[in-house]
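# Architecture and fold: a report
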Amino acid sequence: MNKLSRRKLITGAVATTAGVSGLAVAANLADRYGLIPPARRGFYSPGDTLTYASQRLLTRHSMAREFPRSEISKTPFVNGPPFQSAEFKRLEAGGFSGWQLAIDGLVARPGTLSLAQIRSYPSRSQITHLACEEGWSYIAEWTGVPLAHVLEAVGMLPQARYLIYSSMDPNWEDSMDMADALHPQTFLAYGLNGGDLPVGNGGPLRMRVPRQLGYKSVKHINRLKVTDTLKGYASDSSYSWYAGI
Ligand SMILES: Nc1nc2c(c(=O)[nH]1)N[C@H]1C(S)=C(S)[C@@H](COP(=O)(O)O)O[C@H]1N2
Ligand SMILES: [Mo]
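For the structure given in this document, a descriptive report is provided here. All values derive from a computational prediction rather than experimental measurement.

Before going further, it helps to examine the pairing of strand E3 (residues 124-131). Looking at chain direction, E3 and strand E4 (residues 137-146) are connected through 8 bridges and run antiparallel. Along E4, the bridge assignment pairs Ala131 with Ser137. Turn length for the E3-E4 hairpin, with the two strands adjacent in sequence and antiparallel, is 5 residues, and the turn residue Gly135 shows positive phi of about 120°.

Structure follows, in structure tokens:
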């Protein structure tokens, strides 16, 4: 069976089973095909599993919608007050020349990258929608380096399955699977609407994951960790781990 018809078959089976026999049976089926989302505190709900499984099968290779310049929102929405810590302010005063992105875990060349190094990688722009789970959203042009390029540059190892990404803001750490980490629209973004990324929108560097809800696009990113498991990694977030839209 070719890949596509196989995928259709499994998707159909997961969805049909969910309808006929309930979510728990669908979850068992999803488990057989490696479609269980990693557990948060050792627990996942059948509903989470169904969302993750059907989205992964249907959208593994799909793209978030991109918009024409004419649809860019007048004001990029800033959610919450800008992060302020003594260390952050010190770096900001120095034009973020001292900002460092640490990369470790399952990579051949762990270490740190400066913003200048990150900017020296091939840059890309995309006009996409940032949607908050609270209901508001905006369209903006994001400039940055595709995360896949950075992971390749540091020699990501074949056992890699997840990426844990952290902010200088200690409350903000999240993770994604490699399908999202290597997706061509997943960026480490340092530019917004033609200028530097404002601090309010996550400057100097934020994750931009346009295929998931806004909270996965963590601001002020300063560490990436490549792993083969999320065991022992407990995020405090009460949000769903997979927030596909
Ligand atoms: N460090 C950090 N990252 C964050 C947040 C935050 O408060 N702190 N808020 C998240 C949420 S809930 C959303 S919807 C978006 C908002 O991005 P914006 O301020 O550019 O609108 O950032 C996400 N990343
Ligand atoms: Mo949000």
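Our next topic: the side chain of Asn201. Mapped onto the elements, Asn201 comes out in the loop between strand E8 (195-196) and strand E9 (206-208). For Asn201, a relative accessible area of 3% puts it in the buried group. Excluding its chain neighbours within four sequence positions, the residues that come into contact with Asn201 are Pro76, Phe77, Val78, Tyr138, Leu192, Arg206 and Lys219.

Reading across the sheet, the 5 strands line up as E2-E1-E10-E5-E6 and stay open at both edges, with mixed pairing between neighbours. Lying at the two open borders of the sheet, with one neighbouring strand each, are strand E2 (111-114) and strand E6 (173-177). Taken over all neighbouring pairs, the strand axes of this sheet differ in orientation by 20° on average, direction set aside. Here strand E1 (residues 100-105) pairs with E2 via 4 bridges, running antiparallel. Bridge pairing in E2 links Ala102 to Thr112.

Glancing now at the site of ligand 1. Around ligand 1 sit 19 residues in total, of which Phe77, Asn79, Tyr138, Arg206 and Lys219 are the nearest. Between ligand 1 and Phe77 there is a distance of 2.7 Å, counted from an oxygen atom to a backbone nitrogen or oxygen. A distance of 2.9 Å is found between an oxygen atom of ligand 1 and a backbone nitrogen or oxygen belonging to Asn79. Its free accessible area being 540 Å², ligand 1 has 93% of it covered by the protein chains. A per-class count over the shell around ligand 1 returns 9 nonpolar, 6 polar and 4 charged.

Right, let's get into the nonpolar core. In this structure, Leu147, Leu163, Tyr165, Leu188, Met207 and Leu224 are the most contacted members of the largest nonpolar core, which totals 35 residues. Contributions of two or more residues to this core are made by helix H4 (86-93), E1, helix H5 (115-120), helix H6 (147-153), strand E5 (162-167), helix H7 (178-181), strand E7 (187-192) and strand E10 (221-227). Non-local contacts of Leu224, meaning those with residues more than four positions away in its chain, are made with Leu101, Ala102, Ile103, Asp104, Leu147, Leu163, Ile164, Tyr165, Leu188 and Met207. Cys132, Trp136, Tyr138 and Ala140 belong to the second-largest nonpolar core, a separate cluster that totals 9 residues.

It is worth spelling out the pattern of salt bridges at this point. All told, the structure shown has 6 salt bridges when counted by the stated rule. With a closest N to O distance of 3.2 Å, Arg90 and Glu87 form a salt bridge. Separated by 3 residues within a single helix, Arg90 and Glu87 lie in helix H4, roughly one turn from each other. Judged by its relative accessible area of 54%, Arg90 is exposed. With a shortest N-O distance of 3.0 Å, Arg211 and Asp180 are connected by a salt bridge. With a gap of 31 residues between them, Arg211 in the loop between E9 and E10 and Asp180 in helix H7 connect regions that are remote in the sequence. This pair shows no difference in class: Arg211 is buried, exactly as Asp180 is.

Residue Asp180 is classed as buried on the basis of its relative accessible area, which comes to 1%. A polar atom in the side chain of Asp180 sits 2.7 Å from the side chain of Gln212. The contact partners of Asp180, leaving out residues within four places of it in the chain, are Arg56, Thr186, Val209, Arg211, Gln212 and Tyr242.

Rules used throughout
Residues numbered from 1 in each chain as written. Chains lettered and ligands numbered in written order. Predicted model: local features only at pLDDT ≥ 70, side-chain atom pairs only at ≥ 80, totals over all residues. Heavy atoms only, no water. Pairing = 2+ DSSP bridges. Helix = DSSP H or I, 4+ residues; strand = E, 2+ residues; numbered from the N terminus. Buried < 20%, exposed > 50% of the residue type's maximum accessible area, 1.4 Å probe, protein only. Contact = heavy atoms within 4.5 Å. Axes fitted to C-alpha atoms, helices over the stretch in contact; angles between N-to-C directions. Near = heavy atom within 4 Å. Polar contact = N/O pair within 3.5 Å; in protein donor to acceptor, adjacent residues only side chain to side chain. Areas by Shrake-Rupley, 256 points an atom, 1.4 Å probe, with all protein chains shown as cover. Nonpolar A, V, L, I, M, F, W, Y, C, P; charged D, E, K, R; others polar. Core = buried A, V, L, I, M, F, W, Y, C linked by side-chain atoms within 4.5 Å. Salt bridge = Lys/Arg side-chain N within 4 Å of Asp/Glu carboxyl O.

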